[in-house]
Amino acid sequence: MATTKTATRSSEMATGVHESALNELFIDELKDIYWAEKHLTTALPKMAKAATSDELRTAIQNHLTETENHVTRLERAFDSIGEKAVAKKCEAMAGLIKEGDEIVADTEKGSITRDAGIISAGQKIEHYEIASYGTLKTLAGVLGYDEAAELLDATLQEEKNADTMLTQIAESSINQGAKNERK
Ligand code: FE
Ligand code: FE
Ligand code: ZN
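Source: prediction; values computed, not measured.

What counts, and where the lines are drawn
Residues numbered from 1 in each chain as written. Chains lettered and ligands numbered in written order. Predicted model: local features only at pLDDT ≥ 70, side-chain atom pairs only at ≥ 80, totals over all residues. Heavy atoms only, no water. 1 Å grid on protein atoms, 1.4 Å probe; cavity = no way out; pocket = protein on both sides within 12 Å on 5 of 7 lines; lining within 4 Å. Points joined across faces, edges and corners; volume = space filled by probe spheres on them. Helix = DSSP H or I, 4+ residues; strand = E, 2+ residues; numbered from the N terminus. Nonpolar A, V, L, I, M, F, W, Y, C, P; charged D, E, K, R; others polar. Donors = N, O, S within 2.8 Å, 3.2 Å for Na, K, Ca; no water. Buried < 20%, exposed > 50% of the residue type's maximum accessible area, 1.4 Å probe, protein only. Axes fitted to C-alpha atoms, helices over the stretch in contact; angles between N-to-C directions. Parallel < 35°, antiparallel > 145°, perpendicular 65-115°, else oblique. Left-handed = near helix turned anticlockwise from the far one by under 90°.

Q: Could you clarify how one ought to interpret the layout of surface pockets in this entry?
A: One simple way to see leftover space: roll a probe sized like a water molecule over the atoms. One number sums up the size of the largest pocket: a volume of about 200 Å³. Taken together, 16 residues form the lining of the largest pocket, with A59, I60, H63, A162 and L166 sitting closest to its centre. Contributing elements (two or more residues each) for the lining of the largest pocket: α3 (21-50), α4 (54-80), α6 (112-142) and α7 (146-179). In terms of residue class, the lining of the largest pocket is built from nine nonpolar, four polar and three charged.

Q: Just to check I follow, could you spell out the coordination of the zinc ion (ligand 3) for this structure?
A: The textbook angles at a metal center are 109.5 degrees for a tetrahedron of four donors and 90 or 180 degrees for an octahedron of six. Looking at the zinc ion (ligand 3), the protein donor atoms are H63 (NE2), E126 (OE), E126 (OE), E129 (OE) and E159 (OE), and they sit 2.0 to 2.8 Å from it. Here the zinc ion (ligand 3) and the iron ion (ligand 1) are spaced 3.3 Å apart, linked through E129, which binds each one. On the criterion of sequence distance, the pair formed by E129 in helix α6 and E159 in helix α7 is long-range, its members being 30 residues apart. Accessibility expressed as a relative area gives 0% for E159, which makes it buried.

Q: In this structure, what is going on with the coordination of the iron ion (ligand 1)? I would like to understand it.
A: Every protein donor of the iron ion (ligand 1) is listed here as E37 (OE), E37 (OE), H70 (ND1), E129 (OE) and E159 (OE), and their distances to the metal cover 1.9 to 2.5 Å. Written as a sequence motif, the donor residues of the iron ion (ligand 1) are E-x32-H-x58-E-x29-E. For E37, a relative accessible area of 0% translates into the label buried.

Q: Explanation requested: the packing of α6 against α7 in the structure shown.
A: Angle between the axes and distance between the axes: these two values describe a pair of packed helices. Contact pair α6 / α7: the axes reach a minimum separation of 8 Å and the direction vectors enclose 160 degrees. Relative to α7, α6 is oriented roughly antiparallel. Pair α6 / α7 crosses with left-handed handedness. Here the residues of the contact of α6 with α7 are counted per class, giving 17 nonpolar, 10 polar and eight charged.

Written out as structure tokens, the structure reads:
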């Protein structure tokens, strides 16, 4: 039919949200954070092991347990929109994890300064996740993916709590302890 052949791209897109470019962007971003979370499940145990204080180590280990659940939630989010859970390399998280490794390599084992560095690296990671989940949750809502939006919001709250926890540990003890250490 002539009308079909001459249909504009915008009118085609109006036919369904699942065929939209925004939907494709959403799924790509979901794949990105899925890669990031999976890699954090191997990076966080190393950060916990490198930490000097029990308080920081315990906080990182607790967030590792949450992170394993973030992976599962993402798999449920993929499932809820009928997509296969596929990871796509997140260059940003790969870089943030690498910077964390460098901080550990550049600070003395058993020092509180190392903990200050691990907290710095950890908060950069949490902020990336907070930005990612904030966007993903909003896009899921716009696209009408209510179940995915709820799952993404649940993880967003845990990332925010993890960030707050790291601030509290830094301000309550680590920063003052590190200040008195010699290089
Ligand atoms: Fe996470
Ligand atoms: Fe990314
Ligand atoms: Zn996190």
